[in-house]
Amino acid sequence: MSKDAVDTAQAVATRTDAARTPADAGDAGYSKDLKHRHVNMIAIGGAIGTGLFLGAGGRLHNAGPALALAYLVCGIFAFFVVRALGELVLYRPSSGSFVSYAREFLGEKGAYVAGWMYFLNWSTTGIADITAIALYTHYWSMFTSIPQWTLALIALAVVLGVNLISVKIFGEMEFWFAIIKVATLVGFMLVGIFLLATQHKVDGTSPGLSVITDHGGIFPHGLMPVVLVMQGVIFAYAALELVGVAAGETAEPEKVVPRAVNSIMWRVGLFYVGSVVLLALLLPGSVYSADESPFVTVLSKIGVSGAGDVMNLVVLTAAMSSLNSGLYSTGRILRSMATAGSAPKFTARMNRSQVPYGGILLTCAVCVLGVVLNYLMPSQAFEIVLNVASLGIISTWVIIMLCHLVFVRRAKAGLVERPSFRLRFSPGTELATIAFLLLCLGMMWNDPEVGRKTLLLVPVIAVLLVAGWFGVRGRVAQRSSQK
């Protein structure tokens, strides 16, 4: 055989080996019971939560109408993240999602950091959720005599039970949670448009552009308050990445994922930006507060009886949905990590319904610490954990973009093949998104009350991650050598 023939054969063999997408051992054993409507609504539910229903009130008070711009800017970068993740999913669907991709493109250390930071995000978000559920339940007088920690524990037990039954039950629960949230937002927006069109007075004032111009304009308190709310706005978009996790348990990810990802952008524009613009046109930002849903504020000003009860039920639903999603996603992520050796062995276990109950129970264990926090510091529990969770989601999104950068680089080298569904303008899009996320993180230093204290946790978390890596690296190396 000639030298040219040998070289050609070797080149073909190299390309064949490179094109063979590596499988994640953590993907074995899952059912494919999530349908298109489930994944579609999981995408919607991930984009609509307490960050809008409740958090928008305090942010409108601080930032004014410019909050709509903050939601729009953060929404664009959030879309870039989900689009990048969607491309990786079509390249290789995995229930381990970005942890599996971090393992392939950044190595085991990257997967380890990605997984545990995501666990930090959702376990602390879970504490925030059960705290919120308890607080919202206390809104009704019949529950005020029940201690906050007891209500938090009941909520955790209910959602845990749903998650352990089957992924199909999880999908159905998220489907109906999302239906409730979307129907509520659409209903409010129709009311708001009617008030604008008819010039019906709201709190004694006619709605419209004059509400903005007569109260300081778009930036009533300057630019800095708008910048400072960015961190909270990013947290409001947390859970969009659930689309990537759910894709591992759907039969046709190549059809489902592109539709779900592409629909996120217009939903962000309609529900988040549209709702905030309407709120700003109906009442001055100073009227809204962090203690009340902005939608309840508007409806109460026009004399709608029972508005508080209805909206409280919706916000309660949003918190239950978030807790439900957190247990679902961390269970899958931890299983992917456990098969690689970077998470406890028991988190790889699955029950007869093909649910990774080990990882779900570990997340619940951290949430139980939240129940203790609710017992010891009921008034501070929510704020404490919310800021820790923001560190987790920002790091997760940065890692997704880093994975995509390496993926595109390998595709250009001919080592992998990019699907037709792509994030455009790489590497500029990834680099701009990473820079924006890090800037939002850095700007937290300008908030001495909360943001600065949160940033001071970064070196503590870094030390814990390094110590943990030294504890698991032997097991990780052993698992890698067995492949």
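Counting secondary structure elements, the protein contains 21 helices and zero strands. Across the protein, every contact between residues at least 6 apart in sequence was considered, and the portion connecting residues at least 24 apart equals 80%.

Moving on, we come to helix α14 (residues 253–282). With 30 residues, α14 ought to run about 44 Å at 1.5 Å a step, and its terminal C-alpha atoms sit 42 Å apart, in line with that. By the largest-angle criterion, arginine 267 marks the main kink of α14, which is about 30 degrees.

What tends to happen in soluble globular proteins is that the nonpolar side chains get buried as a cluster. Phe53, Tyr71, Trp116, Ile234, Tyr237 and Trp397 are the most contacted members of the largest nonpolar core, which has 155 residues in total. The contact partners of phenylalanine 53, leaving out residues within four places of it in the chain, are Ile48, Lys181, Thr184, Leu185, Ser293, Pro294, Phe295, Met311, Val314, Val315 and Ala318.

So, about the side chain of serine 293. If you trace the backbone, serine 293 turns up in the loop between α14 and α15 (294–301). On the basis of relative accessibility, which here comes to 5%, the residue serine 293 falls in the buried class. Once you skip the residues sitting within four places of it in the chain, serine 293 turns out to touch Phe53, Leu54 and Met311.

Once that is clear, we can look at the state of the cysteines. Should the sulfur atoms of two cysteines be covalently bonded, the bond is a disulfide. Under the defined criterion, the tally for this structure stands at zero disulfides. Of all cysteine sulfurs in the structure, the one in cysteine 367 sits closest to cysteine 364, which takes part in no disulfide; the separation is 5.7 Å. Exposure remark for cysteine 367: the relative accessible area of 1% places this residue in the buried category.

Two aromatic rings are characterised by how far apart their centres lie and by the angle between their planes. Applying the stated criterion across every chain, the model contains 15 aromatic pairs. What links up through ring pairs into an aromatic cluster is the set Tyr71, Tyr237 and Tyr272. The residue whose ring lies beneath arginine 83 is phenylalanine 421, and the NZ or CZ to ring-centre distance is 4.0 Å.

Turning our attention to the packing of α15 against helix α16 (residues 307–340). Look at α15 against α16: their axes get within 9 Å of each other, and the N-to-C directions meet at 165 degrees. As far as their axial angle goes, α16 and α15 are roughly antiparallel. In the crossing of α15 with α16, the sense of the turn from one axis to the other is right-handed. Across the interface between the two elements, Phe295, Val296 and Leu299 from α15 touch Ala307, Gly308 and Met311 from α16. Counted by class, the contact of α15 with α16 contains five nonpolar, one polar and no charged residues.

What follows concerns the confidence of the model for the protein. Predicted confidence across the protein gives a mean pLDDT of 82, with 90% of residues reaching 70 or more. Summarising per-element confidence for the protein, the mean pLDDT is lowest in helix α1 (residues 3–19) (39) and highest in helix α19 (residues 428–443) (93). A low-confidence stretch, residues 1–22 (pLDDT under 50), is modelled with nine contacts involving residues beyond four sequence positions or located in other chains.

What follows covers the packing of α16 against helix α21 (residues 457–482). At a minimum axis distance of 7 Å, the contact between α16 and α21 shows a crossing angle of 80 degrees. Compared by their axis directions, α16 and α21 come out roughly perpendicular. In contact with Ala338, Thr339 and Ala340 of α16, α21 contributes Arg475, Val476 and Arg479. Considered class by class, the residues forming the contact of α16 with α21 number three nonpolar, one polar and two charged.

Definitions and cut-offs
- Residues numbered from 1 in each chain as written.
- Predicted model: local features only at pLDDT ≥ 70, side-chain atom pairs only at ≥ 80, totals over all residues.
- Heavy atoms only, no water.
- Helix = DSSP H or I, 4+ residues; strand = E, 2+ residues; numbered from the N terminus.
- Contact = heavy atoms within 4.5 Å.
- Expected span 1.5 Å × (residues − 1).
- Bend = angle between axes of the 7 residues up to and from the residue.
- Core = buried A, V, L, I, M, F, W, Y, C linked by side-chain atoms within 4.5 Å.
- Buried < 20%, exposed > 50% of the residue type's maximum accessible area, 1.4 Å probe, protein only.
- Disulfide = S-S within 2.5 Å.
- Phe/Tyr/Trp six-rings, centres within 6.5 Å; stacked < 30°, edge-to-face > 60°.
- Lys NZ or Arg CZ within 6 Å of the ring centre and 35° of its normal.
- Axes fitted to C-alpha atoms, helices over the stretch in contact; angles between N-to-C directions.
- Parallel < 35°, antiparallel > 145°, perpendicular 65-115°, else oblique.
- Left-handed = near helix turned anticlockwise from the far one by under 90°.
- Nonpolar A, V, L, I, M, F, W, Y, C, P; charged D, E, K, R; others polar.
- pLDDT = per-residue confidence, 0-100.

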